[in-house]
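Residue-level listing of the chains:
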Amino acid sequence: MPEGPELHLGSLYVNKMCAGVVFTGPVRKSEVSKSPDVPFTCEAYRITAISRGKEVKLTLTPMKSDEPKQRSKAGQADQAMDVVFRFGMSGCFRFTTEDELPKHAHLRFYSKETPCRVLSFVDTRRFGSWQPNGTWQPDRGPCIMFEYESFRKNVVTHLSDRTFDRPICEALLNQKYFNGIGNYLRAEILYRLNIPPFVVARSVLEGLESEDLFDNEKPVKAEVRDTKDSDRVKKVKKEMGDLLRLCHTVPLEVVNLGGKGYDPQKNDYSAFKAWLQCYYVDGMKSLRDHNGRTMWFKGDPGPMATKDLKSPKVKKRAMKTEDHDYTDKKKGARGGRAHERRRWSNRESKTAKKEEVSSLKETEESEKVKTPQQKKRTAARGRKTSCAEPAAGPEKRSGRVTRQSSK
DNA sequence: CGTCCACGTCTAC
DNA sequence: TAGACCTGGACGG
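Keep in mind that what you see is a predicted model, and the values were worked out from it rather than measured.

What follows deals with the overall build of chain A. Regarding its fold elements, chain A presents 12 helices and 11 strands. Counting only residues that meet the buried cut, chain A has 51% of its 407 residues in that class. In chain A, the proportion of contacts linking residues at least 24 apart, taken out of those at least 6 apart, comes to 71%. Entry remark: accessible area of chain A is about 20400 Å², with carbon and sulfur atoms responsible for 51%.

Given below as structure tokens:
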């Protein structure tokens, strides 16, 4: 569940499910978790949640006991405790009965009911974490969704920061300035404005105002209409506002979808899939950024692009002979993908893997010489050699993502 | 069976 | 700025 919208939806979920529920006893941690114990135990307490960017804070609030304070049992909390969560790649909250505990429920809060219910922090991959008596992480900036004005100001007043020397798509993942933006949001946001992902961040941000002058003109609207490309640019300017505004409104659209956001396991994932216009969408291009993350986009990648493995899309598909309007679209597309994949694997993955440094180098040099980027490019590639690979083609994942372009 | 990929940080060279 | 940290689904052989 992990970008800003999912974290916020998680907090809404906790508040909704736990409204009126009384919890009791200690907070329990799974054996395998490396996050800290939560030293809180209480005969009767409540749980509420609030989110900020990519964090959620749970507040455990002891209920007033009838006993006089002196007589309350030792070790029982009488003070509220905050626990701040980060979700990593797979964290989420779930509220279930005790015997339906999800797999990977690494932190658990038990209700006082019978049968007992449990609020669990579930995290398959365990990249998430929590901090008892925690506070918002100090290096993270204001929330893109719920601290919009200070978020804008924080960016606009720090444009000299080296962060903004980076391509815009990479700057957008810096949580010091864009707390809540993640990989699918950066793609969706840049796509809406037709901004090439690999242009210098500063160049697209300078000139923007601290105040959102656009703010009063139009309400935040989660309107996603089919528009022709030619119209899109105009529409963008007229109805959407600037990049910083979209860092605010686009995540809110996901919140307003009312589902779970990005969560392929869930039934209501289809609404989210349908909402995506670029990320993992068939026909879009993708490229690794300098940190090895897949950037989805359309059109011009921009001057700072890695000369890295690229997505297939139209051009490469055209190379596929059996490509033209097969009915079994998936199958055909996948075949194309696999083909592409093998090519690159042979060229890079294999050679790189076998300590063939020289041949790897050759491959790189042979591409083209771009002096300033050479180094980064090499680095980016090198990093990926162990799983050297073109960015996954859209076709390959078409099952996971709405195919807007089909038909 | 094996390889690659995934919504994100962290921290050691 | 490479890995490290993890599990599991999709796909290929």
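And the narrative resumes.
Scanning the entire structure with this criterion turns up 25 aromatic pairs. With 4.9 Å between their ring centres and 75° between their planes, Tyr 184 and Phe 272 make a pair best called edge-to-face. Placement of the pair is Tyr 184 in helix H4 (residues 183-193) and Phe 272 in helix H8 (residues 269-275), with a sequence separation of 88 residues. Since its relative accessible area comes to 1%, Tyr 184 is described here as buried. We classify Phe 272 as buried; its relative accessible area is 2%. Cluster of aromatic residues (ring-pair linked, three or more members): Tyr 184, Tyr 262, Tyr 269, Phe 272, Trp 275, Tyr 279, Tyr 280 and Trp 296.

A few words now on the confidence of the model for chain A. Taken over all residues, the pLDDT of chain A has a mean of 76, while the share at 70 or more is 68%. In this model residues 220-228 is a low-confidence stretch, pLDDT under 50, and it forms 11 contacts with partners more than four residues away in sequence or in other chains. A low-confidence stretch, residues 310-407 (pLDDT under 50), is modelled with 140 contacts involving residues beyond four sequence positions or located in other chains.

Among all residues save glycine, negative phi is the norm, and among peptide bonds the norm is trans. Here the bond from Thr 114 into Pro 115 is cis, since omega is 0°, no more than 30 degrees from zero. With a phi angle near 55°, Asn 133 is a residue other than glycine that sits in the positive phi range. Positionally, Asn 133 belongs in the loop between strand E9 (129-132) and helix H2 (148-156). Located in the positive-phi region is Tyr 280, a residue other than glycine, with phi close to 65°. Structurally, Tyr 280 is set in the loop between H8 and strand E10 (285-288).

Further remarks concern H2. For H2, the set of buried residues is Tyr 148, Phe 151, Arg 152, Asn 154 and Val 155. Down the axis, H2 shows its buried residues gathered within 165° of arc, on one side only. On its buried face, H2 sits against helix H5 (201-205) and helix H7 (243-257).

Glancing now at the pattern of salt bridges. For the structure shown, the criterion picks out 14 salt bridges. For Asp 37, the salt bridge identified is with Lys 29, shortest N-O distance 3.5 Å. For Lys 29, a relative accessible area of 24% corresponds to the partly exposed category. The shortest N-O distance in the salt bridge between Arg 186 and Asp 289 comes to 2.9 Å. Of this pair, Arg 186 sits in helix H4 while Asp 289 sits in the loop between E10 and strand E11 (294-297), and the two are 103 residues apart along the sequence. Since its relative accessible area comes to 0%, Arg 186 is described here as buried. Overlapping salt bridges, with partners in common, bring together Arg 152, Asp 212, Asp 242 and Arg 245 in one network.

Sheet architecture is open: four strands sit in the order E2-E7-E8-E6, paired in antiparallel fashion. Looking at the sheet topology across the chains shown, the edges are occupied by strand E2 (28-29) and strand E6 (91-97). For E2 and strand E7 (residues 105-110), the ladder comprises two bridges, and the chain directions are antiparallel. Within the sheet, the bridge partner assigned to Lys 29 lies in E7 and is Leu 107. The sheet strands contacting helix H1 (residues 4-18) are E6 and strand E8 (117-123), and the helix crosses E6 at an angle near 15°.

Conventions and cut-offs
Residues numbered from 1 in each chain as written. Chains lettered and ligands numbered in written order. Predicted model: local features only at pLDDT ≥ 70, side-chain atom pairs only at ≥ 80, totals over all residues. Heavy atoms only, no water. Helix = DSSP H or I, 4+ residues; strand = E, 2+ residues; numbered from the N terminus. Buried < 20%, exposed > 50% of the residue type's maximum accessible area, 1.4 Å probe, protein only. Contact = heavy atoms within 4.5 Å. Areas by Shrake-Rupley, 256 points an atom, 1.4 Å probe, with all protein chains shown as cover. Phe/Tyr/Trp six-rings, centres within 6.5 Å; stacked < 30°, edge-to-face > 60°. pLDDT = per-residue confidence, 0-100. Arc of directions from axis to C-beta. Salt bridge = Lys/Arg side-chain N within 4 Å of Asp/Glu carboxyl O. Pairing = 2+ DSSP bridges. Axes fitted to C-alpha atoms, helices over the stretch in contact; angles between N-to-C directions.

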